[in-house]
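Listed here are the chains, written in short residue letters.
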Amino acid sequence: MGRPLFFDIDGTLVSFQTHRIPQSTIDALTKAKAAGCGIYIATGRPVAFINNLGEIRHLIDGFMTTTGAYCFVGEDEVLCSPMSPNDVGTIKADASAKNYAVIFSCERDVCIYNMQPVVKRLFEDGLAVGNLASYPPCEKVLAEQRVLMATAFMDQETEDALIERTDSCISGRWHPEFTDISPKTAGKDNGLRAMAAYLGVDISETIAFGDGGNDISLLKAAGIGIAMGNAGDNVKAVADYITTSVDDDGIANALKHFGII
């Protein structure tokens, strides 16, 4: 049985330049799967936003979504760490007072609070998440579903001040214009621990790949944490190994380096 492999999506599996999975990555994951490795996703995206993995969907064994707040394997819910209603209210009030947008990611749906042009530019156009106008209204979604993550379009200073006012939130920034806010019980590191326990493997057996700020805890917790060549310096600083970029066969090169394929 091969080792369980965990992959961030944006900037790791999927190129920011082409919005596609490089063929070298598809081939490498196919070989790793054939060698007995488990293939798992570890993303900040909620389930509703995972629309760019079609070429490898048949290889995927399970998912860590919304920065570790919602993890599942098949029909089995491995971990669900919702945000407290009080913290949701604090974020909404801050967004209204300072006029920034928030994407609330819930169990089934996402909704946009205080919509701003930056959301369309970065998510609909940049990340190709679909038609934002088709999303259900926040009043309905927030009343019926648990909030797993809040993606807030704010600068670092606003983020720091907000997190101090929440009861139990952490923030994982992987873009200069927004950050993913999650309950402290989430985080990709906690998601990885839950997934390892579910799979019956020691966390030291896991290998994780990432490129963004919300991958730092994942790479630190994994048995081997691998930073992409396009990762920020803060991510590379915690990695056990730095591979080439997503557009330069980074995943294939790392899997070859560690003898996985």
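To start, this report covers the structure provided alongside it. (Residues numbered from 1 in each chain as written. Predicted model: local features only at pLDDT ≥ 70, side-chain atom pairs only at ≥ 80, totals over all residues. Heavy atoms only, no water.)

What about the sheet that holds strand β1 (residues 4–7)?
- Reading across from one edge, β5-β4-β3-β2-β1-β11-β12-β13 is the order of the eight strands in this open sheet, with mixed pairing throughout. Across the chains shown, the open sheet's two edge strands, defined by having one partner strand only, are β5 (76–80) and β13 (241–242).
- Two elements, strand β3 (residues 62–65) and strand β4 (residues 70–73), share three bridges in a ladder whose sense is antiparallel. Its bridge partner lying in β4, Thr-65 is registered against Tyr-70.
- Its contacts with the sheet put helix α6 (residues 188–199) on β1, β2 (38–42), β3, β4 and β5, and the angle it makes with β5 is roughly 145 degrees. (Pairing = 2+ DSSP bridges. Helix = DSSP H or I, 4+ residues; strand = E, 2+ residues; numbered from the N terminus. Contact = heavy atoms within 4.5 Å. Axes fitted to C-alpha atoms, helices over the stretch in contact; angles between N-to-C directions.)

Details of the pattern of salt bridges
- Inspection of every chain in the model, using the stated rule, returns 14 salt bridges.
- The salt bridge partner of Lys-188 is Asp-8, with a shortest N-O separation of 3.2 Å. Residue Lys-188 is found in helix α6, and its partner Asp-8 is found in the loop between β1 and α1 (23–34); the two are separated by 180 residues along the sequence. An identical accessibility class is assigned to Lys-188 and Asp-8; each is buried.
- One salt-bridge network, in which partners are shared between bridges, spans Asp-8, Lys-188 and Asp-215. (Salt bridge = Lys/Arg side-chain N within 4 Å of Asp/Glu carboxyl O. Buried < 20%, exposed > 50% of the residue type's maximum accessible area, 1.4 Å probe, protein only.)

Structural notes on the nonpolar core
- Among the nonpolar cores identified, the biggest contains 36 residues, and Leu-5, Leu-13, Leu-29, Leu-53, Ile-56, Phe-209 and Leu-255 are the most heavily contacted of them.
- Membership of the second largest hydrophobic core comes to 20 residues, among which are Ala-42, Val-78, Leu-79 and Ala-222. (Core = buried A, V, L, I, M, F, W, Y, C linked by side-chain atoms within 4.5 Å.)

Considering the packing of aromatic side chains
- For the structure on display, the rule yields 12 aromatic pairs.
- The interplanar angle of 20 degrees and the centroid separation of 4.7 Å between the aromatic rings of Phe-7 and Phe-209 together place this pair among those described as stacked. In this pair, Phe-7 is assigned in strand β1 and Phe-209 in strand β11 (residues 207–210), connecting sequence segments 202 residues apart. Of the two residues, Phe-7 and Phe-209, neither departs from the other in class, the shared state being buried. (Phe/Tyr/Trp six-rings, centres within 6.5 Å; stacked < 30°, edge-to-face > 60°.)

Some remarks on the state of the cysteines
- For the structure shown, the criterion picks out one disulfide.
- Cysteine Cys-37 shares no disulfide, and the gap to the nearest cysteine sulfur, in Cys-71, comes to 20 Å.
- Cys-169 carries a free sulfur, and the closest cysteine sulfur to it, the one in Cys-106, is 14 Å from it.
- When its relative accessible area of 4% is taken as the criterion, Cys-169 is described as buried. (Disulfide = S-S within 2.5 Å.)

Considerations on the layout of surface pockets
- Considered as a void within the structure, the largest pocket measures approximately 290 Å³ in volume.
- Lining the largest pocket are 18 residues, and of these Ser-171, Gly-172, Gly-213, Asn-214 and Ser-217 lie nearest its centre.
- Where the lining of the largest pocket is concerned, the elements lending two or more residues are β9 (169–175), β10 (178–183), α6 and α7 (216–221).
- Considering only residue class, the lining of the largest pocket consists of three nonpolar, 10 polar and five charged. (1 Å grid on protein atoms, 1.4 Å probe; cavity = no way out; pocket = protein on both sides within 12 Å on 5 of 7 lines; lining within 4 Å. Points joined across faces, edges and corners; volume = space filled by probe spheres on them. Nonpolar A, V, L, I, M, F, W, Y, C, P; charged D, E, K, R; others polar.)

What to know about empty space enclosed by the protein
- Evaluation of the coordinates by the stated rule reveals one cavity of 30 Å³ or more.
- Quantified by volume, the largest cavity comes out at close to 60 Å³.
- If you trace the largest cavity, you find it lined by Gly-44, Arg-45, Pro-46, Phe-49, Ser-105, Phe-123, Leu-127, Met-149, Thr-151, Trp-174 and Asp-180.
- The residue makeup of the lining of the largest cavity, split by class, is six nonpolar, three polar and two charged.

Some details on the environment of Met-83
- For Met-83, the position within the fold is in the loop between β5 and α2 (85–98).
- Sequence-distant contacts of Met-83, that is, excluding residues within four places in its chain, are made with Val-88, Ile-91, Val-147, Met-149, Ala-150, Cys-169, Ile-181, Ser-182 and Pro-183.

Digging into helix α5 (residues 156–165)
- Restricting attention to buried positions, one finds in α5 the residues Thr-158, Glu-159 and Leu-162. The arc enclosing the buried residues of α5, seen along the axis, measures out at 100 degrees, which places them on a common side. Across α5 from its buried face, at more than 90 degrees, point the exposed residues Glu-157 and Glu-164.
- Against the buried residues of α5 lie α2, β9 and β10. (Arc of directions from axis to C-beta.)

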